[in-house]
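Coordinates in review
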Amino acid sequence: MDAFDDAYDVMAGATDVMDDVRALATEAVHAGRDDLARQGLHAPPIDLSTTYPSYDSRAEAARIDAFAANGAVLEGPPVYGRLGNPTVARFETALARLEGTESAVAFASGMAALSAVLLVRNAMGLRHVVAVRPLYGCSDHLLTAGLLGTEVTWVDPAGIADALRPDTGLVMVESPANPTLAELDLRAIAHACGTVPLLADNTFATPVLQRPAEQGARLVLHSATKYLGGHGDVMAGVVACDEEFARRLRQVRFATGGVLHPLAGYLLLRGLATLPVRVRAASANAAELARRLAADPRVTRVHYPRLGGAMIAFEVSGDPHEVIAGVRLVTPAVSLGSVDTLIQHPASISHRIVDAEDRRTSGVSDRLLRLSVGLEDVEDLWRDLERALGPGRGSGPARRVAPGRPNRSVSTEG
């Protein structure tokens, strides 16, 4: 078996060790890399080729015809970068293993991944989407504006079943939601969807905290830019799903060109190796910061999910823009999921594109701040936040936190 065959067997999950049941921490380190030792390698190679030589054009024609017919992973060596790349394939295999799905298909961004899902359903004449707010602001905009020919019906979770129509192609939710961290009962929602595929955006939770496919979601979306990459230096999206849907996604990716660069695929595979450790450490910091924020009179409400995680949303009694301007250690920036702590004002940035009234009715108030907690020392983070909150009686001297034992006594609103 040569290097190309090994790489594409990894894409298809065709290694013997794949049959073993392994813990998530083990999968994070080894999935997508199971063939390396047989090749005499330790680190996965980066294949930057855009095209590949072939002296049998008849055989290539047959393989391309097969892909056009069913979207299956090509057997044998690669053909062209838009049809697939061995480095990206490793990341796809690893993410599918972590999410517990048959396959995963990676894209150049999270929005490219969502667009591909919508295009797959649109091509089948299923243009109607049922969705629950809040979603990430650009996801909301893509659906509301009908840029891909979709029509959306926004509902509360209890209204999903009644909103379904013969042309409904998708139900979309995000839990915990961006930015309010509202949590949904994914199993109940999947039941309400009937035969309509449920797409669950799992960007905030990651497979470390939640695997939506186990609760009935057919499609699991990630902005891989966030926790999967984990270091703020790669942009990507990925959909974990069954192989039938993956084949259609590959065809859309080939036709539209929203491919993931191989270097990004390499960085994402590297990021997955530390994903469980990063998520758990950042979650411990977040739980403690949420407790302290809830005890501070300058904070009127704290949203922190029962599921846990590294995201906090909180509303302040003063001017949220002054808090943004006042941080020094925390970085005031859009995005999330990096090793460093980021803060942003959703009504001004991530959800600015959403109609103001729709923002308010979905819980995104003008005083809401979203905090993506990183791996810094929690005392340093608290000193910076307490200072940025401005004048007023704080919550008193911060106490030391026992490592690995976050306090989860904070209320879990939202």
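First things first, this report covers the structure right here in the doc. (Residues numbered from 1 in each chain as written. Predicted model: local features only at pLDDT ≥ 70, side-chain atom pairs only at ≥ 80, totals over all residues. Heavy atoms only, no water.)

Description of helix α6 (residues 137-145)
Under the convention used in this document: Relative accessible area decides the class of each residue, using a 1.4 Å probe on protein chains only: under 20% of the type maximum gives buried, over 50% gives exposed, and in between gives partly exposed. Helix and strand labels come from DSSP, where a helix needs a run of H or I of at least four residues and a strand needs a run of E of at least two; each type is numbered from the N terminus. Contacts are assigned to residue pairs with any non-hydrogen atoms lying within 4.5 Å of each other.
Among the residues making up α6, those that are buried are Gly137, Ser139, Asp140, Leu142 and Leu143. Each element contacted by the buried residues of α6 is listed here: α5 (110-123), β2 (128-131), β3 (151-154) and β4 (168-174). At the C-terminal side of α6, glycine 146 shows a positive phi close to 65°.

Topic: the sheet that holds strand β11 (residues 342-344)
Note the cut-off: Paired strands, as defined in this entry, are two strands with at least two bridges between them according to DSSP. Convention adopted: a line fitted to C-alpha atoms gives each axis, helices being fitted over their contacting stretch, and angles between N-to-C directions are expressed from 0 to 180 degrees.
Pairing within the open sheet is mixed, and its five strands lie in the order β8-β9-β12-β11-β10. For this open sheet the edge positions go to β8 (299-303) and β10 (331-332), each flanked by a neighbour on one side alone. Sheet topology places β11 next to strand β12 (residues 368-372); three bridges connect them, and they run antiparallel. Each bridged residue has a counterpart across the sheet, and for glutamine 344 the counterpart in β12 is arginine 370. Across the sheet, helix α12 (residues 275-294) lies against β8, β9 (311-316) and β12, angled at about 15° from β9, the strand it touches most.

Side note on the pattern of salt bridges
Note the following rule: Any carboxyl oxygen of Asp or Glu that lies within 4 Å of a side-chain nitrogen of Lys or Arg is treated as forming a salt bridge with it.
Counted by the stated rule, this structure contains 21 salt bridges. Of the charged contacts, one joins arginine 22 and glutamate 27 as a salt bridge, the two residues approaching to 2.9 Å between their closest N and O atoms. With a relative accessible area of 18%, arginine 22 lands in the buried category. Note on glutamate 27: relative accessible area 5%, which makes it buried. Salt-bridge contacts for glutamate 214 lead to arginine 211; the nearest nitrogen and oxygen are separated by 2.7 Å. Here glutamate 214 falls in the partly exposed class, since its relative accessible area comes to 49%. With a relative accessible area of 24%, arginine 211 lands in the partly exposed category. Where salt bridges share partners, they join Arg22, Glu27, Asp34 and Arg97 into one cluster.

Quick look at the nonpolar core
For soluble globular proteins, nonpolar side chains are generally found buried alongside one another. Cut-off, in case you're wondering: What we call a nonpolar core is a set of buried Ala, Val, Leu, Ile, Met, Phe, Trp, Tyr and Cys residues that are connected through their side-chain atoms within 4.5 Å.
Counting 36 residues, the largest nonpolar core has Phe91, Leu228, Val238, Leu260, Leu268 and Leu275 as its most contacted members. Within the residue set of this core, elements represented by two or more residues are α4 (86-99), β1 (103-107), β7 (237-241), α11 (262-273), α12 and β9. Considering each element in turn, this core owes the most residues, six residues, to α4.

Quick notes on a nonpolar patch on the surface
Just so we agree on the cut-off: Patch membership needs two things, relative accessible area over 30% and no salt bridge, and members are linked within 9 Å if like-charged or within 5 Å if nonpolar (Val, Leu, Ile, Met, Phe, Trp, Tyr). To measure how exposed things are, a 1.4 Å probe is used in the Shrake-Rupley method; for residues, cover is taken only from the protein chains shown.
Residues Ile46, Leu48 and Leu263 make up a contiguous nonpolar surface patch of roughly 260 Å² in combined accessible area. Relative to the helices and strands, leucine 48 is located in the loop between α2 (24-30) and α3 (57-70).

Observations concerning the sheet that holds β7
Taken in spatial order, the seven strands of this open sheet run β1-β7-β6-β5-β4-β2-β3, and their pairing is mixed. Bordering the open sheet on either side are β1 and β3, each of which pairs with just one other strand. Along the sheet, successive strands turn relative to each other by an average axial angle of 20°, direction set aside. Looking at chain direction, strand β6 (residues 219-223) and β7 are connected through four bridges and run antiparallel. Across the sheet, leucine 221 pairs through a bridge with valine 239, a residue of β7. The strands touched by helix α8 (residues 186-193) within the sheet are β4 and β5 (198-201), with β5 carrying the most contacts at an inclination of about 155°.

Some thoughts on the environment of valine 330
For valine 330, the location among the structural elements is in the loop between α13 (320-326) and β10. Between the C-alpha atoms of valine 330 and alanine 236, which are 94 residues apart in sequence, the distance is 24 Å. Look past the residues within four positions of valine 330 in its chain and what remains in contact with it is Thr341, Leu342, Ile343, Leu371, Leu381 and Asp384.

Some thoughts on α4
As a reminder of what qualifies: Expected span of a helix: the number of residues minus one, times 1.5 Å. In protein, a polar contact requires one atom able to donate a hydrogen and another able to accept it; more generally it is a pair of N or O atoms within 3.5 Å, and residues adjacent in sequence count only if both atoms are side-chain atoms.
The end-to-end C-alpha distance of α4, which contains 14 residues, comes to 20 Å, matching closely the 20 Å that a straight helix rising 1.5 Å per residue would cover. Of all 14 residues in α4, 13 are buried, a share of seventy percent or more. Between a side-chain oxygen at the N-terminus of α4 and the backbone nitrogen of threonine 87 the separation is 2.8 Å; the capping residue is asparagine 85. Of the residues one or two after α4, glycine 100 is the one with positive phi, at around 75°.

Points about the packing of α5 against helix α10 (residues 243-256)
Each pair of packed helices can be described by the angle between their axes along with the distance between the axes. Counted only if it meets this: Convention used here: angles under 35 degrees read as roughly parallel, angles over 145 as roughly antiparallel, angles from 65 to 115 as roughly perpendicular, and any remaining angle as oblique. Residues were grouped as follows: Ala, Val, Leu, Ile, Met, Phe, Trp, Tyr, Cys and Pro as nonpolar; Asp, Glu, Lys and Arg as charged; and all remaining residues, including Gly, as polar.
Axis separation between α5 and α10 bottoms out at 9 Å; the angle between their running directions is 105°. Considering the angle they form, α5 stands roughly perpendicular to α10. Between α5 and α10, the contacting residues are Ala116, Val117, Leu119, Val120 and Arg121 on the first element and Phe245, Arg248, Leu249, Val252 and Thr256 on the second. Considered class by class, the residues forming the contact of α5 with α10 number seven nonpolar, one polar and two charged.

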